[in-house]
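Topology and contacts: notes
Spelled out, the chains give:
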Amino acid sequence: MYLFLRPRPPTRACSLIGPADVRLPGNVSTPSTMAECSQADGGVASRHHTMDKSITLPPDEIFRNLENAKRFAIDIGGSLTKLAYYSTVQHKVAKVRSFDHSAKEAASDKLYEISVQEEVTARLHFIKFENAYIETCLDFIKDHLVNTDTKVIKATGGGAHKFKELLERKLRLKVDKEDEMTCLIKGCNFVLRNIPHEAFVYAKHADSEFRFQTTQPDIFPYLLVNIGSGVSIVKVESEDKFERIGGSSIGGGTFWGLGALLTKTKRFDELLQLASKGQHTNVDMLVKDIYGGSYGSLGLTGDLIASSFGKSATADKEFSKEDMAKSLLHMISNDIGQLACLYAKLHQLSRVYFGGFFIRGHPVTMHTITYSINFFTKGEVQALFLRHEGYLGAIGAFLKGAEEDNPNQYSWGENYAGSSGLMSISPEMNPMQRARSGTFDMLEMDRLERQLVNLHLLQDPSSYIPDTVDLTEDAPAREYWLDCFEEALDGVVKRAVASQPDMAESVERAEKFRHKYRHKLQTLRHQPFAYGSLTVRSLLDTREHCLNEFNFPDPYSKIKQKENDGALKYYRKAVRCLESLEWEQRQFALVRGVLAGNVFDWGAKAVSDVLESDPEFGFEEAKRQLEERPWLVDSYDQWLQRLKGRPHKCALFFVDNSGVDIILGVMPFVRELLARGTEVVLASNSGPALNDVTNGELQILTERIAAMDPVIQAGLRDDRLTLIPSGSSSPCLDLSRLDKVLAMVVRERHTDLVIIEGMGRAIHTNYYATLSCESLKMAVIKNSWLADRLGGKLFSVVFKYEAPAADADVAV
Amino acid sequence: MASNGHHQRDDDSADDEDETPTKKQTRSNKDVPGSGCLLRSEADKEAAAADPPAGHTPSPRRASDAMPRLRSDSVKKSRPPFPWFGMDIGGTLVKLVYFEPRDITAEEEQEEVENLKSIRRYLTSNTAYGTTGIRDVHLELRELTLCGRTGNLHFIRFPTHDLPAFLQMGRNKHFSSLHTSLCATGGGAYKFEADFRTMADLQLHKLDELDCLIRGVLYIDAVVSSGPSECYYFENPAEPERCVQRPYALENPYPLLLVNIGSGVSIMAVYSENNYKRVTGTSLGGGTFLGLCCLLTGCSTFEEALQMASQGESTRVDKLVRDIYGGDYERFGLPGWAVASSFGNMMSKEKRESVSKEDLARATLVTITNNIGSITRMCALNENIERVVFVGNFLRVNTLSMKLLAYAMDYWSKGQLKALFLRHEGYFGAVGALLELLHPS
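About the cut-offs
Residues numbered from 1 in each chain as written. Chains lettered and ligands numbered in written order. Predicted model: local features only at pLDDT ≥ 70, side-chain atom pairs only at ≥ 80, totals over all residues. Heavy atoms only, no water. Helix = DSSP H or I, 4+ residues; strand = E, 2+ residues; numbered from the N terminus. Buried < 20%, exposed > 50% of the residue type's maximum accessible area, 1.4 Å probe, protein only. Contact = heavy atoms within 4.5 Å. Areas by Shrake-Rupley, 256 points an atom, 1.4 Å probe, with all protein chains shown as cover. Axes fitted to C-alpha atoms, helices over the stretch in contact; angles between N-to-C directions. Parallel < 35°, antiparallel > 145°, perpendicular 65-115°, else oblique. Left-handed = near helix turned anticlockwise from the far one by under 90°. Nonpolar A, V, L, I, M, F, W, Y, C, P; charged D, E, K, R; others polar. Phe/Tyr/Trp six-rings, centres within 6.5 Å; stacked < 30°, edge-to-face > 60°. Buried area = accessible area lost by both parts, 1.4 Å probe. Salt bridge = Lys/Arg side-chain N within 4 Å of Asp/Glu carboxyl O. Polar contact = N/O pair within 3.5 Å; in protein donor to acceptor, adjacent residues only side chain to side chain. Pairing = 2+ DSSP bridges. Core = buried A, V, L, I, M, F, W, Y, C linked by side-chain atoms within 4.5 Å. pLDDT = per-residue confidence, 0-100. Expected span 1.5 Å × (residues − 1). Bend = angle between axes of the 7 residues up to and from the residue.

Some words on the overall build of chain B
- From N to C terminus, chain B includes 17 helices and 17 strands.
- For chain B, the residues scored as buried account for 60% of the 441 residues in total.
- A separation threshold of at least 6 residues defines the contact pool for chain B, and within that pool the share at least 24 residues apart is 69%.
- For chain B, the exposed surface amounts to about 17,400 Å²; the carbon and sulfur share of it is 49%.

See below:
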């Protein structure tokens with residue numbers, strides 16, 4: 001079998017042949033089994049199951065969480081089997097709970113208690129293997145399937161029919177066949193809707209090979225060209241309306257079958273490997289071979305292929321395997337591209353997605369198809385590829401099976417920490433070739449308990465890109481941030497260990513976290529596209545996901561608690577101080593307060609250094625550090641002018657850090673808004689990320705503040721101050737993926753002002769986001785490299801007030 | 001060739017009324033369509049008939065045609081000197097048409113230089129030239145009147161890689177001393193122009209291949225009225241036992257989709273004699289069939305490859321819908337016998353070892369043919385054209401492909417599309433080149 005997780009010397013994998021030796025990888029929920037395979041020493045290697053002499057199944061990585069699999073869906077194609085299984089995953093979450101009022105004084109002087117609870121979430125895993133190994137894999141599944149109560153397996157694909165009996169016998173599950181095309185389309189709709197950066201354009205010679213597309217609010221209509229053994233061309237008009245409008249028998253099976261005959265190379269990936277090294281011009285007859293140059297009057301350049309394999313029509317010449325494989329690849333890709341264009345033209349569709357195992361993220365294939373599409377449509381149609389190309393059918397079959405769970409009421413998100421699939425690596429391949437940019441890790445997908453939707457206030461949802469810098473395109477920035485995250489890793493590990501002082505094995509887990517995250521960073525250095533677009537946000541999120549993976553649900557919980565306690569004590573004084581000021585002075589002081597509060601950020605390296613070395617670094621100190629006006633970005637005058645006008649109807653405030661930031665910076669500002677007659681919706685993270693305040697924490701804090709402050713109290717009582725989780729657990733913010741409840745409230749309240757605070761939410765993301773209402777972006781730049789880039793210096797201030805063009809006059 | 005291109009012939013040269021004859025005219029006259037010689041030629045011919053050269057009997061049918069006499073002198077002047085050749089140098093084959101005058105007068109005979117005579121005799125007395133040159137005797141058009149002269153049109157082909165030998169022969173026979181201009185089309189006219197000059201001292205008159213092709217198709221279709229019909233189709237393409245070739249009268253041919261399958265494939269939409277565009281093309285053509293067959297079976301000629309294909313079984317090589325679904329894929333109207341994946345069975349080692357060379361040749365033929373059919377069908381839909389004419393040397397002695405195309409067109413279009421074929425399948429470009437010699441447009 002050619003599927004290896006990662007190349008390793010064959011001696012590493014011990015030869016445990018036969019079912020008796022295929023052992024359970026162990027309970028995944030216990031940390032000791034979460035060992036990283038590449039760390040494999042002799043001891044770890046003994047846990048690898050070798051199913052025959054070339055399949056190696058490292059237990060922690062593939063078939064992860066199989067024990068708790070609840071649903072199975074299998075897509076058996078002409079040559080490959082794709083399996084999607086849905087398991088519950090138990091992991092730890094940090095919860096905060098207010099102390100009993102009565103017992104409070106006695107228990108401690110802390111505001112709230114932190115507890116770590118077990119939570120069970122749902123996760124979708126993916127794996128694929130060649131049909132030839134289906135029995136072995138089914139045996140493996142059967143042996144490891146312990147906690148499942150499922151009785152059925154959803155099956156789709158052409159092979160579902162052929163392997164039905166085998167599936168039923170091996171797994172002792174009832175096979176429920178689902179229509180292939182229905183599954184395919186369901187899967188495609190699902191990934192297009194749920195997975196940011198699912199679709200991408202491939203450009204071989206551009207600065208950035210992959211240009212990822214943002215999730216479109218309206219994904220229909222589109223053409224799906226699914227290239228399996230053969231080709232199906234499907235027009236999709238809505239969730240349930242689609243039609244197979246055509247196809248071709250020249251597809252992946254032709255490449256594989258004909259390629260195997262021509263080159264005596266058995267494996268698909270090896271064939272592609274050969275192709276990537278070949279020169280098709282030795283085998284193909286080009287226009288210039290016939291014309292001696294171009295065919296000018298038709299605008300056909302000399303390098304165009306006039307006749308595929310046209311030069312091989314001779315018995316007395318030898319052709320190299322590489323050249324023949326390349327020629328074959330060109331022939332098939334061009335042909336598919338041409339047919340796709342003819343169908344797109346006939347049905348007037350401009351969005352054409354390519355899926356199926358033939359593509360598999362192989363650059364050489366994507367390049368030839370892209371080239372072909374460009375050529376045949378003169379650039380009018382763009383070839384779009386999908387990161388989950390091979391899994392659409394399996395995902396669709398899963399969704400069919402999960403219909404009773406109403407899968408559409410959830411959103412899904414990729415888990416950057418986990419991938420259960422085998423990397424498609426041929427054993428003969430040079431390990432370095434693994435680094436080729438075309439490989440995507442097949443990440444697991446977490447079911448998010450809430451549905452995520454667009455903020456309706458986005459000016460143009462279809463062109464909204466949350467991230468300010470695309471690190472896949474910006475190489476210097478990529479280098480800087482990867483270094484930055486790598487350097488910060490020691491601190492994060494230290495912090496994680498410190499957060500669990502009572503747990504002895506936390507050091508070990510933290511090391512595993514360190515290894516995993518460092519490995520991800522290294523992967524990203526070589527393959528910036530491995531998980532879709534690479535951004536500061538994705539780097540931050542990956543770190544959070546990895547921490548969670550190793551049961552560090554909230555390393556900052558205690559620090560946050562301490563800071564919240566401390567800041568709360570100062571609240572009354574701060575408010576009194578502000579109230580003593582004249583209106584205009586007060587407005588400025590409020591803004592400075594938010595900005596100074598925002599300096600308190602453990603997420604920023606420059607600050608975490610200061611914070612760790614000097615815990616006394618205080619609010620007043622922070623104010624002194626702030627840049628004097630004019631700030632780096634300074635529209636304070638316009639803001640002040642605006643405040644002199646009518647109050648806003650409702651402000652949506654995306655908050656940032658806990659402690660001083662939220663309590664002494666944000667709350668007084670909110671208080672002023674409320675006093676002006678503006679309703680306020682405070683949106684905070686649903687789950688922990690760094691020292692950002694979570695909704696759970698904010699609820700408690702706000703109650704405590706309300707007890708001291710009648711304005712806040714009245715706001716809460718009258719429902720003019722509302723706290724809603726944002727749906728995110730990231731230090732950054734994607735306005736196209738907000739908790740549905742938040743989005744609904746924002747709409748209902750006719751929100752006319754959106755305030756975004758902090759570097760993660762207002763600079764790394766959303767800096768260029770255009771809203772259809774007034775917006776205020778406030779942040780202190782706590783990173784000297786970024787400050788430099790923006791033309792400022794450390795602690796430079798961004799105060800960006802914007803009003804939509806039409807409203808501007810009214811506002812002033 | 002894999003490309004789109006719109007191509008419109010220059011109309012200014014064709015505005016002359018004589019240039020655009022109707023089908024009727026040309027059919028009844030059995031002469032050059034649109035040629036300026038059309039009417040004049042008869043005078044000349046009668047003169048020739050009055051004094052036939054020994055051993056050359058002019059057609060009585062021709063002689064009886066009553067045509068007005070015109071100034072024969074001017075005809076002679078405008079008429080190029082013999083020999084009359086048209087050449088199409090493709091990627092794989094060189095196609096040559098040669099007009100052999102049969103109305104040579106004694107006077108002419110005497111005047112005729114030895115070179116010319118020897119060329120004429122060499123070409124007409126042989127059916128094979130060297131090891132690879134072949135005269136397709138069955139395609140010969142006899143007693144054709146061309147530019148006032150009556151004679152036979154010969155169709156000769158040889159592989160493009162033997163062009164040097166051809167040039168050498170031209171040099172040996174002192175072809176250049178005849179001061180004829182050699183009209184040539186196809187890519188080779190460009191590629192080998194210098195070779196013609198240096199090796200044989202010949203100046204090529206290069207012509208666009210699609211212009212020539214279309215001109216040739218329309219001409220041949222117009223002049224052939226006796227013998228087997230030039231244009232034909234297959235009746236009952238779905239039933240092998242009842243599938244028979246039937247003549248088709250290609251009257252009011254426009255619009256038509258012209259699919260030329262040579263080494264590669266070009267697809268043209270033809271709206272009138274002078275208005276056509278190249279819709280697209282594909283690199284999967286005759287060259288691909290032969291190239292792959294050579295690699296897969298070790299054969300070396302088209303005939304061999306076809307011979308093997310005729311004895312093979314493609315379903316052992318291809319994965320059919322029923323191989324995957326166990327039967328029809330009803331939901332999408334895919335019959336079980338349809339090919340789901342060409343060469344799909346060859347993914348399996350066991351099956352690779354069990355197929356024969358003949359099976360592989362057959363599968364290659366079926367794959368290439370079906371693909372051309374499916375691209376053609378999409379073009380026909382996009383261009384809204386119902387009649388498709390397939391030409392090109394891929395179809396030579398290739399009834400398998402023709403029937404397959406006929407069936408595919410009919411089946412997938414639910415009877416909307418009709419596949420038509422022409423007997424002189426590969427020679428139209430060369431004929432067009434000859435016409436250009438006789439009557440420059």
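Structural notes on the overall build of chain A
- When helices and strands are tallied, chain A shows 27 helices and 27 strands.
- Taking all 812 residues of chain A together, the buried fraction comes to 63%.
- Excluding contacts between residues fewer than 6 apart, the proportion of contacts in chain A whose partners are at least 24 apart in sequence is 74%.
- Of the roughly 29,400 Å² that chain A leaves accessible, carbon and sulfur atoms contribute 49%.

Side note on the packing of helix α22 (residues 695-708) of chain A against helix α23 (residues 710-717) of chain A
All names here are of chain A.
- Remark: α22 packs on α23, axes separated minimally by 6 Å, with the N-to-C direction vectors making an angle of 120 degrees. Taken together, the axes of α22 and α23 lie oblique to each other. Between α22 and α23 the crossing geometry is left-handed. Where α22 approaches α23, its residues T702, I705, A706 and M708 are matched on the opposing element by P710, I712, Q713 and L716.
- Of the residues contributing to the contact of α22 with α23, the split by class is six nonpolar, two polar and no charged.

Some points on the packing of aromatic side chains
- Summed over the entire model, instances satisfying the criterion amount to 53 aromatic pairs over all chains.
- For the pair Y767(A) and Y768(A), a centre-to-centre distance of 5.1 Å together with 75 degrees between the ring planes defines the contact as edge-to-face.
- Seen from their ring centres, Y411(B) and W412(B) are 4.9 Å apart, and the 85 degrees between their planes marks the pair as edge-to-face.
- Taken together, the aromatic side chains of Y86(A), F190(A), F398(A) and W412(A) make up a single cluster linked through ring pairs.

Description of the interface of chain B and chain A
- Tallying the contact residues gives 64 residues for chain B and 60 residues for chain A.
- Summed over both sides, the interface between chain B and chain A buries roughly 5,100 Å², with carbon and sulfur atoms accounting for 63% of that surface.
- Put simply, chain B and chain A have two salt bridges between them.
- D179(A) is the partner of R331(B) in a salt bridge, and the nearest nitrogen-oxygen pair spans 3.1 Å.
- Summed over the shared surface of chain B and chain A, the number is 21 residue pairs in polar contact (both at pLDDT 80 or more).
- Elements represented by at least two residues in the side of chain B that touches chain A include exactly α8 (187-191), α10 (209-223), β13 (275-282), α11 (286-297), α13 (321-325), β15 (339-341), α14 (349-354) and α15 (357-383) of chain B.
- Top element by residues in the side of chain B that touches chain A is α15(B). It accounts for eleven residues.

So, the sheet that holds strand β20 (residues 633-634) of chain A
Residue and element names in this part refer to chain A.
- One open sheet accounts for seven strands, arranged β20-β27-β26-β25-β21-β22-β23; its pairing is mixed. The sheet is open, and its two edges are formed by β20 and β23 (721-725), each paired on a single side.
- Bridge analysis of strand β21 (residues 650-654) against strand β22 (residues 679-684) gives five bridges, and the strand direction is parallel. Within β22, the residue paired with C650 across the bridge is E679.

Considering the side chain of D284(A)
- By secondary structure assignment, the location of D284(A) is in the loop between α8 (268-277) and β13 (285-286).
- Residues contacting D284(A), with those up to four places away along its chain left out, are D289(A), I305(A), S307(A), S308(A), F309(A), G310(A), K311(A) and S327(A).

Quick word on the nonpolar core
- F354(A), F390(B) and F421(B) are the most contacted members of the largest nonpolar core, which has 103 residues in total.
- At 13 residues, the largest contribution of residues to this core is made by helix α10 (residues 321-346) of chain A.
- In contact with F421(B), not counting residues within four places along its chain, are E230(B), C231(B), Y232(B), F234(B), F390(B), L395(B), M402(B), L405(B) and A406(B).
- Counting 78 residues, the second-largest nonpolar core is a separate cluster that includes L298(A), F158(B), M268(B) and L434(B).

Re the confidence of the model for chain B
Residue and element names in this part refer to chain B.
- For chain B, per-residue confidence averages 83 on the pLDDT scale, and 83% of positions sit at 70 or higher.
- Throughout residues 1-72 the model reports pLDDT below 50, and contacts reaching past four residues in sequence, or to other chains, amount to 157 contacts.
- Model confidence for the complex is summarised by a pTM of 0.79, with the ipTM given as 0.83.

Structural notes on the sheet that holds strand β16 (residues 382-386) of chain A
Residues and elements named next belong to chain A.
- The sheet built from seven strands is open, its strands ordered β9-β8-β16-β15-β10-β11-β12 with mixed pairing. The open sheet has two edge strands, β9 (210-212) and β12 (242-248), and neither has a second partner. Between one strand and the next, the sheet's axes are offset by a mean angle of 30 degrees, whatever the strand orientation.
- Where strand β8 (residues 199-202) lies against β9, three bridges are found, and the strand directions are antiparallel. By the bridge assignment for β9, Y202 is matched with F210.

Some details on the confidence of the model for chain A
Residues and elements named next belong to chain A.
- Averaged over every residue, the pLDDT of chain A is 82; residues scoring 70 or more account for 84%.
- The low-confidence segment residues 103-107, where pLDDT is below 50, has three contacts with residues more than four positions distant or belonging to other chains.
- Confidence over residues 422-439 falls short of pLDDT 50; this stretch has 58 contacts with residues more than four positions distant or in other chains.

A closer look at the environment of L184(A)
- The residue L184(A) is located in helix α6 (residues 180-194) in this model.
- When the C-alpha positions of L184(A) and I395(A) are compared, they lie 7.8 Å apart, and in sequence the two are 211 residues distant.

Some words on helix α21 (residues 660-676) of chain A
All names here are of chain A.
- With 17 residues, α21 should reach 24 Å at 1.5 Å per residue; the first-to-last C-alpha distance of 23 Å fits that figure.
- Its maximal kink placed at V666, α21 deviates by approximately 35 degrees, while the proline P668 follows within four residues.
- Downstream of α21 by one or two residues, G677 has phi in the positive range, about 100 degrees.

What about the environment of G247(A)?
Residues and elements named next belong to chain A.
- Relative to the assigned elements, G247 resides in strand β12.
- Taking the C-alpha atoms as reference points, G247 and F600, separated by 353 residues in sequence, lie 59 Å from one another.
- With residues up to four places along the chain from it excluded, the contact list for G247 reads V231, S232, I233, L339 and Y343.

Structural notes on the environment of R704(A)
- Looking at where R704(A) falls in the secondary structure, it is placed in helix α22.
- Of the residues examined, R704(A) reaches a relative accessible area of 25% and is grouped as partly exposed.

A few points about unusual backbone geometry
- The peptide bond linking F82(B) to P83(B) adopts the cis configuration, its omega dihedral lying at 0 degrees.
- Residues Y254(B) and P255(B) are joined by a peptide bond in cis, for which omega reads -10 degrees.
- Relative to the assigned elements, P255(B) resides in the loop between β10 (244-247) and β11 (256-261).
- Residues other than glycine seldom take positive phi values, yet D719(A) does so here, at roughly 60 degrees.
- Looking at where D719(A) falls in the secondary structure, it is placed in the loop between α23 and β23.
- Assessed through its relative accessible area of 42%, D719(A) is described here as partly exposed.

Comments concerning the pattern of salt bridges
All names here are of chain A.
- Counted by the stated rule, this structure contains 68 salt bridges over all chains.
- Notably, a salt bridge pairs K154 with E178, separated by 2.8 Å at the nearest N-O pair. With K154 in strand β6 (residues 152-156) and E178 in the loop between β7 (174-177) and α6, this pair connects stretches of sequence that are 24 residues apart.
- Take E178: its relative accessible area is 18%, and that puts it in the buried class.
- One salt bridge in this structure joins R525 and D483, with 2.8 Å as the shortest N-O distance. Here R525, found in helix α14 (residues 506-526), pairs with D483, found in helix α13 (residues 475-498); they are 42 residues apart in sequence, far enough to count as distant.
- Relative accessible area serves as the criterion here: at 30%, D483 is assigned to the partly exposed category.

A word on the pairing of strand β9 (residues 231-235) of chain B
Residue and element names in this part refer to chain B.
- By the criterion of burial, β9 is predominantly enclosed, with four of the five residues buried.
- Across two bridges, β9 lies against strand β17 (residues 418-422) in antiparallel orientation. Residue pairing in the sheet places C231 in a bridge with L422 of β17.
- In this structure, β9 lies alongside β10, joined through four bridges in antiparallel fashion. Bridging from a neighbouring strand, Y233 pairs with R246 of β10.

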